[in-house]
Amino acid sequence: MAKKRKKMVPADIWCPYCGRKAILRPASYVYKENCLNSNGFLYVCAGYPACDAYVGAHDHNLQPKGTLANSDLRHVRIEAHRALDAIWKEGYMTRKEAYIWIGNKMNLGSKEMHIGQFSYYRCQEVMKCCSELMENRKAMEQGAA
């Protein structure tokens, strides 16, 4: 029996900065000619560009990848991802182990452990924890050498 495809229904989300509704738009609406995913979509605040809040949508179901974020929050989320990715890319843990580790460190359940949902403060905590782990591991390696 063939699998039924789920309907791709846009989410009903509101901007936490100005209170306007977010509108599902092609990624090119924001990124213009710099768009890396021509088939991608974003939830963009109806007040864009005055209110620059937006978030990516999953390709398979159009659900938001997180909460709407302004430029500052988007930047710190990217930095938090980079800090966490460095742990598994350096081989200290697997990707799955790194996410479990940071979730435990921050007392978050697996459903809460999504950087796209994080506040500025939580992202800073991720970066701090990751930095401490990397420094400790490098110090251990140097001490063993």
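Computed from a predicted structure; not experimentally measured.

Asks: Let's hear about the packing of aromatic side chains: which residues, and what values?
Replies: Tallied over the entire structure, the rule returns three aromatic pairs. A centroid spacing of 5.8 Å and a plane angle of 50° characterise the contact between Tyr 29 and Tyr 48, whose relative ring orientation is tilted. On the criterion of sequence distance, the pair formed by Tyr 29 in helix α1 (residues 28-31) and Tyr 48 in the loop between β2 (41-45) and β3 (54-56) is long-range, its members being 19 residues apart. When the centroid spacing of 6.4 Å and the interplanar angle of 80° are considered together, the rings of Tyr 48 and Tyr 54 count as edge-to-face. Look at Tyr 54 and you get buried, because its relative accessible area is 10%. When the ring centre of Trp 14 is taken as origin, the NZ or CZ atom of Lys 21, which lies over that ring, is 5.2 Å away.

Asks: Requested: an account of the environment of Asn 107, with residues and values cited.
Replies: Inspection of the secondary structure puts Asn 107 in the loop between α3 (95-105) and α4 (120-144). Through-space distance from the C-alpha of Asn 107 to that of Tyr 31 is 35 Å; in sequence the pair is 76 residues apart.

Asks: Tell me about the pattern of salt bridges, residues and numbers included.
Replies: Pairing is possible between side chains that carry opposite charge, provided their charged atoms lie close to one another. A complete count under the given rule lists three salt bridges for this structure. The shortest N-O distance in the salt bridge between Asp 12 and Lys 21 comes to 2.2 Å. Residue Asp 52 is joined to Arg 74 by a salt bridge in which the shortest nitrogen-to-oxygen separation is 3.5 Å. Pair noted here: Asp 52 is in the loop between β2 and β3 and Arg 74 is in helix α2 (residues 71-89), with a separation of 22 residues, a long-range link. Overall, Asp 52 belongs to the partly exposed group, its relative accessible area being 24%. Taking the relative accessible area as the measure of exposure, Arg 74 reaches 17% and is therefore buried.

Asks: Residues and numbers for the sheet that holds β2, please.
Replies: As summarised here, the arrangement of the three strands in space is β1-β2-β3, forming an open sheet in which the pairing is antiparallel. The open sheet has two edge strands, β1 (22-26) and β3, and neither has a second partner. Direction aside, neighbouring strands of the sheet carry axes that sit 25° apart on average. Looking at chain direction, β2 and β3 are connected through three bridges and run antiparallel.

Asks: Requested: an account of unusual backbone geometry, with residues and values cited.
Replies: The peptide bond linking Tyr 48 to Pro 49 adopts the cis configuration, its omega dihedral lying at 10°. If you trace the backbone, Pro 49 turns up in the loop between β2 and β3. Even without a glycine there, the phi angle at Leu 62 is positive, about 65°. With respect to the helices and strands, the residue Leu 62 is situated in the loop between β3 and α2. We note that Asn 107 has phi near 55°; this positive angle belongs to a residue other than glycine.

Definitions and limits used
Residues numbered from 1 in each chain as written. Predicted model: local features only at pLDDT ≥ 70, side-chain atom pairs only at ≥ 80, totals over all residues. Heavy atoms only, no water. Phe/Tyr/Trp six-rings, centres within 6.5 Å; stacked < 30°, edge-to-face > 60°. Helix = DSSP H or I, 4+ residues; strand = E, 2+ residues; numbered from the N terminus. Buried < 20%, exposed > 50% of the residue type's maximum accessible area, 1.4 Å probe, protein only. Lys NZ or Arg CZ within 6 Å of the ring centre and 35° of its normal. Salt bridge = Lys/Arg side-chain N within 4 Å of Asp/Glu carboxyl O. Pairing = 2+ DSSP bridges. Axes fitted to C-alpha atoms, helices over the stretch in contact; angles between N-to-C directions.

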